[in-house]
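Summary of structural features
For reference, the chains in residue letters:
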Amino acid sequence: METGFSLGSNLGGRLRSLSQAKTLILMDSKVKFIDQSSAYETEPVDVKEEYQEYKFLNSVLIVESPYTAAEWLPKIKKIERTLHRVRTEDRNAPRPIDIDLLFCGDELVDSDLLQVPHPRWAERRFVLEPLAEVRGGFVMPGAQGSVRKILAQLPSNDDVRLFSDQW
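Note that this is a predicted model, so its numbers are computed, not measured.

Conventions adopted
- Residues numbered from 1 in each chain as written.
- Predicted model: local features only at pLDDT ≥ 70, side-chain atom pairs only at ≥ 80, totals over all residues.
- Heavy atoms only, no water.
- Helix = DSSP H or I, 4+ residues; strand = E, 2+ residues; numbered from the N terminus.
- Rg over C-alpha atoms; globule rule 2.2 N^0.38 Å.
- Buried < 20%, exposed > 50% of the residue type's maximum accessible area, 1.4 Å probe, protein only.
- Contact = heavy atoms within 4.5 Å.
- Areas by Shrake-Rupley, 256 points an atom, 1.4 Å probe, with all protein chains shown as cover.
- Lys, Arg positive; Asp, Glu negative; His and termini not counted.
- Charge placed at Lys NZ, Arg CZ, Asp CG, Glu CD.
- Salt bridge = Lys/Arg side-chain N within 4 Å of Asp/Glu carboxyl O.
- Polar contact = N/O pair within 3.5 Å; in protein donor to acceptor, adjacent residues only side chain to side chain.
- Pairing = 2+ DSSP bridges.

1. Notes on the overall build of the protein chain
Scanning the protein chain from terminus to terminus reveals four helices and eight strands. Helices (α) and strands (β) of the protein chain occur, in sequence order from the N terminus, as β-α-β-β-β-α-β-β-β-α-α-β. Here the C-alpha atoms of the protein chain give a radius of gyration of 15 Å, agreeing with the 15 Å that 2.2 N^0.38 yields for 167 residues. Projected onto the principal axes, the alpha-carbon positions of the protein chain cover approximately 40 × 35 × 35 Å. Residue burial in the protein chain is summarised as follows: out of 167 residues, 50% are buried. Restricting to contacts in the protein chain with at least 6 residues of sequence separation, those with at least 24 account for 71%. Summed over its atoms, the accessible surface of the protein chain is roughly 8700 Å², and 49% of this surface lies on carbon and sulfur atoms. Taking the average place of the 22 positive charges on the side chains of the protein chain and the average place of its 26 negative ones, the gap between the two points comes to 4 Å.

2. What about the pattern of salt bridges?
Applying the stated criterion across every chain yields a total of nine salt bridges. Between Glu2 and Arg135 there is a salt bridge, with its nearest N and O atoms 3.0 Å apart. In this pair, Glu2 sits in strand S1 (residues 2-9) while Arg135 sits in helix H3 (residues 125-135), placing the two residues 133 residues apart along the sequence. For Glu2, a relative accessible area of 23% translates into the label partly exposed.

3. Re the side chain of Ser37
Checked against the element boundaries, Ser37 lands in the loop between strand S2 (32-36) and strand S3 (39-42). Relative accessible area serves as the criterion here: at 1%, Ser37 is assigned to the buried category. Here the side chain of Ser37 touches Val60 through a polar contact of 2.8 Å, landing on its backbone nitrogen. Once residues lying within four places of it in the same chain are set aside, the contact partners of Ser37 are Ser59, Val60, Pro130, Glu133, Val134 and Trp167.

4. Section: the pairing of strand S5 (residues 98-104)
Of all seven residues in S5, six are buried; the element is thus mostly enclosed. Of the pairings in the sheet, the one linking S1 to S5 comprises six bridges and is antiparallel in character. Bridging across to S5, Leu7 finds its partner in Ile99.

As structure tokens, this is what we get:
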């Protein structure tokens, strides 16, 4: 099934971290690359003042695989650990990689450990801009409109800037 990931990094070699996460996701022989967005530089959201200088690079990766959302979760956590993500009590602290499962086919999951689609995808320009680049007409499970339509409804700002079309 088609699966979409939001990849983010605001610590260390940010573009390299996005590329390494993509490589590790695609190392699984059952996972097929479908598409990827450009990388966008974005202002950090919901972070402490001392973290405001740590700008993110964000992108979207689309793959095809037989895995369910629940099967992806431990794979994502392992990749984050491999790339030196350390989870702390401050969930918005700077990190070398952040991998969010945006969607997994038409699955709707709402558990303590996992929510799919990602619960805040429609509120975040740093998710919607790259997602619209590769899946603008896509309607997320449970959504009321396409990715492009939802993006158009957000207030415009300059907090999301094209950084690189290759990573």
